[in-house]
Amino acid sequence: MVSQHVAVIGAGAAGLVAARELRREGHRVVVFEREPRAGGTWVYTPATEPDPLGFDPSRPVVHSSLYKSLRTNLPREVMGFGDYPFLPRADGSGDPRRYPGHEEALAYLEDFAREFGLEEVVRFEEEIVGVGKAEEGGKWKVTSRMRSGGGGGGGGGEEEVFDAVVVCNGHYTEPRIAEIPGIDLWPGQQIHSHNYRTPEPFQDLVVVLIGSAASAVDVSRDIAKVAKEVHVASRSYEYDTLGMQSGYDNMWLHPMIEKAHADGKVTFLDGSYVGADIILHCTGYKYHFPFLETNGIVSVDDNRVGPLYKHVFPPHLSPWLSFVGLPWKVVPFPQFEYQSRWIAGALSGRIALPSEEEMMEDVEDLYSELKALGIPKRYTHNLASSQFEYNDWLAIQSGSRPSEEWRKEMYSESMRKMRARPEVYRDEEIDETLISEAHEDFAKFPLRR
Ligand code: FAD
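Below is a short write-up of the structure. (Residues numbered from 1 in each chain as written. Predicted model: local features only at pLDDT ≥ 70, side-chain atom pairs only at ≥ 80, totals over all residues. Heavy atoms only, no water.)

**Some remarks on a negative patch on the surface**
A surface patch of like charges, here negative, comprises Glu 356, Glu 357, Glu 358, Glu 361, Glu 364, Asp 365 and Glu 369. Tracing the sequence through the fold places Asp 365 in helix H6 (residues 356–372). Its relative accessible area of 47% is what places Asp 365 among the partly exposed residues. (Patch = residues over 30% accessible without salt bridge, like charges linked within 9 Å, V, L, I, M, F, W, Y side chains within 5 Å. Areas by Shrake-Rupley, 256 points an atom, 1.4 Å probe, with all protein chains shown as cover. Salt bridge = Lys/Arg side-chain N within 4 Å of Asp/Glu carboxyl O. Lys, Arg positive; Asp, Glu negative; His and termini not counted. Charge placed at Lys NZ, Arg CZ, Asp CG, Glu CD. Helix = DSSP H or I, 4+ residues; strand = E, 2+ residues; numbered from the N terminus. Buried < 20%, exposed > 50% of the residue type's maximum accessible area, 1.4 Å probe, protein only.)

If you want it as structure tokens, here you go:
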């Protein structure tokens, strides 16, 4: 097996597990992390960006989009890595709930990093600002700079050469905004959920919140505690669910916004309207790789990152450039682990990848299939119901065990409960047999928190 010198960008869950798998395979790893600590998304900060919609490319970027009240939307058994279960800490410290608060998820990642000695390979407060092909052989030139406040230098970039680069920079930081006719003349305020932390600033306001995914569901309920009215607009609501929400006297569901008007009114597609103070966009995020200098060999088009073989390798640059963590509507941590193992094995030569032509053909087949089904490009990395099949395919490539049956079942059950009872699903009992199966499995791993 050949040991490569590998740069990993980001020390969130993806970068940490990538570093572990690469080191297990015998590679020499440097993880670049622009923040002062590991954990990525899970490092909550009350700080927000000065531009509440994130339009200004030169704005100081705040990485995490967590809000203060956030609890995980997956049960801890399902969420954890395959061989390092997300159990409550043995010493009783922390948050033992099955759907814990965000601090517990960060503590878990910190324990993971400590357990596998990962922090020794992370260079904190070093931001990657350039990744391009080096003159020398097939190598990569990686340019980093110290972020202000960090221990050294500041300002200018430092160039280093690596055999391979693994991109783990996350994709919940760059806001995607709903297009609303008339918005330029509308006099109210707008904010994206990336900059939402607590409900207090919404006290007594009439809020229009756009979106229906997990954070829209949580944030609308958070805000309803203090706002005068919350009007949730989404493309995906069924008409029979519209109207005032049970359990609330100040929250309504609407179809999508039709138009925003100069007099402050916001009209919806069913003809209903409100006079609103603020529009809150819970409309998701964009993939963003401002450091990539790959001359269009890999690019982002309508939120499709491509071309990528199995969402990981650009065929022309494989295995020397790879991405961990692009798929969405998935259980992230275990999937990062499968992808990382595959990358580590491909880099050492233990796992053979198909030829560039074969990989391109596979990508083209996926694109044709999505087109034939009328699925827009921006859904390319939405794996949802095929995520476990995808994980199992990756597991076969690297000789790992496939996804556990209990994990698949518990995931489906948790999704069902979340949709049916968004207020209370986190504290409901679940099938005890599934929990026991998970714990029997966890007992096989000697490393425990
Ligand atoms: P991130 O955690 O975003 O980490 C990326 C890292 O890269 C960051 O540390 C960042 O500072 C660093 N970085 C970025 N650019 C550079 C650069 N140029 N140079 C150096 N470093 C850089 N998942 C779950 O499993 N359960 C949940 O309940 C859950 N809830 C969520 C709720 C919200 C509101 C959000 C936004 C996400 C949620 N997720 C949840 C998904 C979550 O993002 C993933 O679990 C996971 O943390 C993503 O890990 P990552 O390493 O891919 O990205």
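**A short note on the packing of helix H1 (residues 13–24) against helix H5 (residues 332–348)**
It is the contact of H1 with H5, at a shortest axis distance of 8 Å, that shows an interaxial angle of 35 degrees. Handedness of the H1/H5 crossing: right-handed. Residues Ala 13, Ala 14, Val 17, Ala 18, Arg 20, Glu 21, Leu 22 and Arg 24 of H1 lie in contact with H5, whose contacting residues are Phe 333, Phe 336, Glu 337, Ser 340, Arg 341, Ala 344 and Leu 347. By residue class, the composition of the contact of H1 with H5 is 9 nonpolar, 1 polar and 5 charged. (Axes fitted to C-alpha atoms, helices over the stretch in contact; angles between N-to-C directions. Left-handed = near helix turned anticlockwise from the far one by under 90°. Contact = heavy atoms within 4.5 Å. Nonpolar A, V, L, I, M, F, W, Y, C, P; charged D, E, K, R; others polar.)

**Here's the deal with the site of the ligand**
In the vicinity of the ligand, 30 residues are found, and the nearest of them are Glu 33, Thr 41, His 63, Asn 73 and Ile 128. Between the ligand and the protein, one listed contact pairs an oxygen atom with a side-chain N or O atom of Glu 33 at 2.6 Å. One nitrogen or oxygen atom from the main chain of Thr 41 is found 2.8 Å from an oxygen atom belonging to the ligand. In the complex, the protein chains occlude 94% of the 980 Å² of accessible area that the ligand would expose alone. Mapped by element, the contributors of at least two residues to the shell around the ligand are H1, strand S2 (28–33), strand S4 (126–133) and H5. Counted by class, the shell around the ligand contains 15 nonpolar, 10 polar and 5 charged residues. (Near = heavy atom within 4 Å. Polar contact = N/O pair within 3.5 Å; in protein donor to acceptor, adjacent residues only side chain to side chain.)

**Here we look at the pairing of strand S11 (residues 229–233)**
Across the 5 residues of S11, 4 count as buried, placing the element largely inside the fold. Across 5 bridges, the pairing between strand S10 (residues 206–210) and S11 is parallel. Residue Val 208 lies in a different strand from S11, and its bridge partner there is His 231. Direction of pairing for S11 relative to strand S13 (residues 251–254): parallel, over a ladder of 4 bridges. In the sheet register, Val 230 faces S13, and the bridge partner there is Met 251. (Pairing = 2+ DSSP bridges.)

**Things to note about the side chain of Asp 51**
Locating Asp 51 in the fold gives a position in the loop between S2 and helix H2 (76–79). Looking at Asp 51, its side chain comes within polar contact range of the main-chain nitrogen of Phe 55, at 2.7 Å.

**Looking at the sheet that holds strand S15 (residues 265–268)**
On the basis of which strands lie adjacent, the open sheet formed by 3 strands has the order S14-S15-S16 and antiparallel pairing. At either margin of the open sheet sits one strand with a lone partner, and together these are strand S14 (257–260) and strand S16 (273–275). Neighbour-to-neighbour, the strand axes of this sheet turn through a mean angle of 20 degrees, independent of strand direction. Sheet analysis places S15 next to S16, joined by 3 bridges and oriented antiparallel. Residue pairing in the sheet places Val 266 in a bridge with Val 274 of S16.

**Concerning the pattern of salt bridges**
On inspection of all chains with the given rule, the structure shows 41 salt bridges. Put simply, Glu 21 and Arg 341 hold a salt bridge, and the shortest N to O gap is 3.2 Å. Taken together, the positions of Glu 21 in helix H1 and Arg 341 in helix H5 put the pair 320 residues apart, joining distant regions of the chain. Neither Glu 21 nor Arg 341 differs from the other in exposure class; each is buried. Note that Glu 35 is salt-bridged to Arg 147, the shortest N-O span being 3.1 Å. Taken together, the residues span a long stretch of sequence, with Glu 35 in the loop between S2 and H2 and Arg 147 in the loop between strand S5 (140–146) and strand S6 (158–162) at a distance of 112 residues. Assessed through its relative accessible area of 24%, Glu 35 is described here as partly exposed. Here the residues in one salt-bridge network are Arg 20, Glu 21, Arg 24, Asp 83, Glu 337 and Arg 341, joined through shared partners.

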